[in-house]
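Chain by chain, the residues:
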Amino acid sequence: MQLKKILPLAAIAALLPGLALAQEAEAVADAMEAVTALNTEMVFIMNSLLFLVGGFLVFFMAAGFCMLETGLVRSKNATMQATKNVALFSLATIAYFLIGFNLMYPLGDWVIEGWLGGISPTVLEPVGVALEDVDDIEYASIGSDFIFQLMFCAAVASIVSGAVAERIKLWPFLAFVVILTGVIYPIQASWSWGEGFLDEMGFSDFAGSSIVHAAGGWAALAGVIVLGARYGKYSSDGKVTVMPGSNLPLATLGMFILWLGWFGFNGGSQLAMGTISDVADVSRIFSNTNTAAAGGAVTALILSTLLYKKPDLTMVLNGALAGLVSITAEPLTPGLGSATLIGAVGGVIVVLTIPLLDKFKIDDVVGAIPVHLFAGLWGTMAVPLTNSDASFVTQFIGMAAIGIFMFFASLVVWLILKAVMGIRVSDEDQVTGLDKTEMGMEAYPEFSNR
């Protein structure tokens, strides 16, 4: 009888270590699951943070474009230029939210597979979204992605603004901006960044030498051709009249703001900050971006001195920007030396092509076409020099596809606006200045116009 009582107790005692081990294993599994969930959340958080920080750096580039352009136009057109920059950014925001973002990133919902996405407004995550309800937990929040990509879209319009300055009417320009940022730019960007046909081909443009900068340059070139040169810029005997900017210190400030914003432009395009590798790559991109700008500025300084006997500040400013545009297609794979050389070639391109445009009577007020289009093409074709996964043939095809579409789509819109609204102010208004005739408000009322 005593034995019958002892045996069950002995059996329970024998099972206790096993139960304890099972509970321990379950606790370890729960802990591992919690660590995995935390790691997943942290990747999402860090990626979203990268987009937000990169986004507000690129937003500051809007101020850079505004200051650069306002400083490089004559004082009688400064208010007009500032107004255009504020308005274009605001309209780009609305157009990209309503149409552009989802047109650029179809996420499989193509109207024409690989070529044309669908149209729908941007929808953010709900307030207080839970982990399991996030759209893509391995990427980033929709809001951070939208803000980051919007800044690139607005930059395209800013490129056009500078090239067509001093003779364009305000409202036709803003109408073009809406179509450019809502439809034209997102369509071609979807071909690469939206996993369209260029992406499938292997076209590589890390942060947009062609997709953003050359695209803006093509749109600007079409606009300048349709618009014509400023009154008095070119004489019948081929003489070019120099029309210097009103505030070179302001333009210099604008260039430095753009240089700063470019760290977000290129660094944020890593699109990930959740691992040691990603963070190291972002820092590498920052370093290459900086040294490419330096290479472009120094080369423009030296070359302008050799050609004109004295250094030209406007060339130096645009040389730095051309270096930045040149490295944008591939800021990760080069070393510092290669990045410097890539930027230096951009500086050479600017110094040689700004006077070349004048020979063809193409009037680009701020040098936007040499900086963004010509240097952008160079940067796109330079990618295979340091990135073994890219090919010159594919790069050329992508560059050509973007160029043909951007130029002719923009050309059609410019021609329609010219026929329907008229895009050019009168010669008399140009002589008086757009601040008085278009805006009714002078930027520098204490000083006489020049």
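Residues numbered from 1 in each chain as written. Predicted model: local features only at pLDDT ≥ 70, side-chain atom pairs only at ≥ 80, totals over all residues. Heavy atoms only, no water.

Per an unreviewed UniProt entry, the recorded name for the chain is Ammonium transporter, and the organism is Roseinatronobacter monicus. What UniProt records for the chain under Sequence similarities (unreviewed entry) is the sentence "Belongs to the ammonia transporter channel (TC 1.A.11.2) family." For the record of the chain, the UniProt heading Subcellular location (unreviewed entry) holds the text "Membrane". (UniProt positions renumbered as here; feature names shortened; annotations may be inferred.)

Trainee: Got a minute to help me understand the nonpolar core in this structure?
Mentor: Nonpolar side chains in soluble globular proteins generally cluster together in the buried interior. Membership of the largest hydrophobic core comes to 107 residues, with the highest contact counts inside it found for Val-160, Phe-173, Leu-180, Tyr-185 and Trp-414. Of the residues forming this core, the biggest block, 14 residues, is contributed by helix α3 (residues 142-163). With residues up to four places along the chain from it excluded, the contact list for Tyr-185 reads Met-104, Phe-152, Cys-153, Val-156, Leu-180, Trp-193, Ile-211, Val-212 and Met-406. (Core = buried A, V, L, I, M, F, W, Y, C linked by side-chain atoms within 4.5 Å. Buried < 20%, exposed > 50% of the residue type's maximum accessible area, 1.4 Å probe, protein only. Helix = DSSP H or I, 4+ residues; strand = E, 2+ residues; numbered from the N terminus. Contact = heavy atoms within 4.5 Å.)

Trainee: Explain the pattern of salt bridges to me, please; I cannot follow it from the model alone.
Mentor: Where charged atoms from two side chains of opposite charge come close, those side chains can pair. A full pass over the atoms with the stated rule returns four salt bridges. We note a salt bridge from Arg-230 to Asp-363, for which the minimum N-O separation is 2.8 Å. Of this pair, Arg-230 sits in the loop between α6 (209-227) and α7 (248-267) while Asp-363 sits in the loop between α10 (336-359) and α11 (368-386), and the two are 133 residues apart along the sequence. Its relative accessible area of 1% is what places Asp-363 among the buried residues. With a closest N to O distance of 3.8 Å, Arg-424 and Asp-427 form a salt bridge. The class of Arg-424 is partly exposed, set by a relative accessible area of 28%. Here the salt bridges share partners, and the residues they tie into one network are Arg-74, Glu-166, Arg-230 and Asp-363. (Salt bridge = Lys/Arg side-chain N within 4 Å of Asp/Glu carboxyl O.)

Trainee: Explanation requested: the UniProt feature "domain: Ammonium transporter AmtB-like" (unreviewed entry) in the chain in the structure shown.
Mentor: This chain's UniProt record puts "domain: Ammonium transporter AmtB-like" (unreviewed entry) on residues 51-444. Taken as a whole, residues 51-444 contains 68% helix and 1% strand, while its terminal C-alpha atoms sit 38 Å from one another.

Trainee: Is there a simple way to explain empty space enclosed by the protein in this structure?
Mentor: Gaps left between atoms are located by rolling a probe of water-molecule size over the structure's atoms. Taken as a whole and judged by the stated rule, the model has three cavities of 30 Å³ or more. Put simply, the largest cavity is a space of about 70 Å³. Taken together, 13 residues line the largest cavity, and the ones lying closest to its centre are Phe-65, Leu-68, Val-366, Ala-368 and His-372. Going through the elements one at a time, α1 (2-72), α3, α9 (313-328) and α11 are the ones with two or more residues in the lining of the largest cavity. Taken together, the residues that form the lining of the largest cavity break down as eight nonpolar, four polar and one charged. (1 Å grid on protein atoms, 1.4 Å probe; cavity = no way out; pocket = protein on both sides within 12 Å on 5 of 7 lines; lining within 4 Å. Points joined across faces, edges and corners; volume = space filled by probe spheres on them. Nonpolar A, V, L, I, M, F, W, Y, C, P; charged D, E, K, R; others polar.)

Trainee: Would you explain a negative patch on the surface in this entry?
Mentor: Negative charge collects at one region of the surface, where Glu-113, Glu-195, Asp-199 and Glu-200 lie side by side. Tracing the chain through its elements places Glu-200 in helix α5 (residues 197-201). Classification of Glu-200 as exposed rests on a relative accessible area of 63%. (Patch = residues over 30% accessible without salt bridge, like charges linked within 9 Å, V, L, I, M, F, W, Y side chains within 5 Å. Areas by Shrake-Rupley, 256 points an atom, 1.4 Å probe, with all protein chains shown as cover. Lys, Arg positive; Asp, Glu negative; His and termini not counted. Charge placed at Lys NZ, Arg CZ, Asp CG, Glu CD.)

Trainee: Mind showing me how you'd approach the packing of aromatic side chains here?
Mentor: Any pair of aromatic rings gets described here by the distance separating the centres and the angle formed by the planes. Considering all chains together, one arrives at 20 aromatic pairs under this definition. Measuring from centroid to centroid gives 5.2 Å for Trp-191 and Phe-197, while their planes differ by 55°, and the two rings are tilted. Of the two residues examined, Trp-191 and Phe-197, each falls in the buried class. Taken together, a centroid distance of 5.1 Å and an interplanar angle of 85° make the contact between Phe-407 and Phe-408 edge-to-face. The class of Phe-408 is partly exposed, set by a relative accessible area of 48%. What links up through ring pairs into an aromatic cluster is the set Phe-51, Tyr-139, Phe-148, Phe-152, Trp-193, Trp-262 and Phe-265. Over the aromatic face of Phe-173 sits the side chain of Lys-84, whose NZ or CZ is 4.8 Å from the ring centroid. (Phe/Tyr/Trp six-rings, centres within 6.5 Å; stacked < 30°, edge-to-face > 60°. Lys NZ or Arg CZ within 6 Å of the ring centre and 35° of its normal.)

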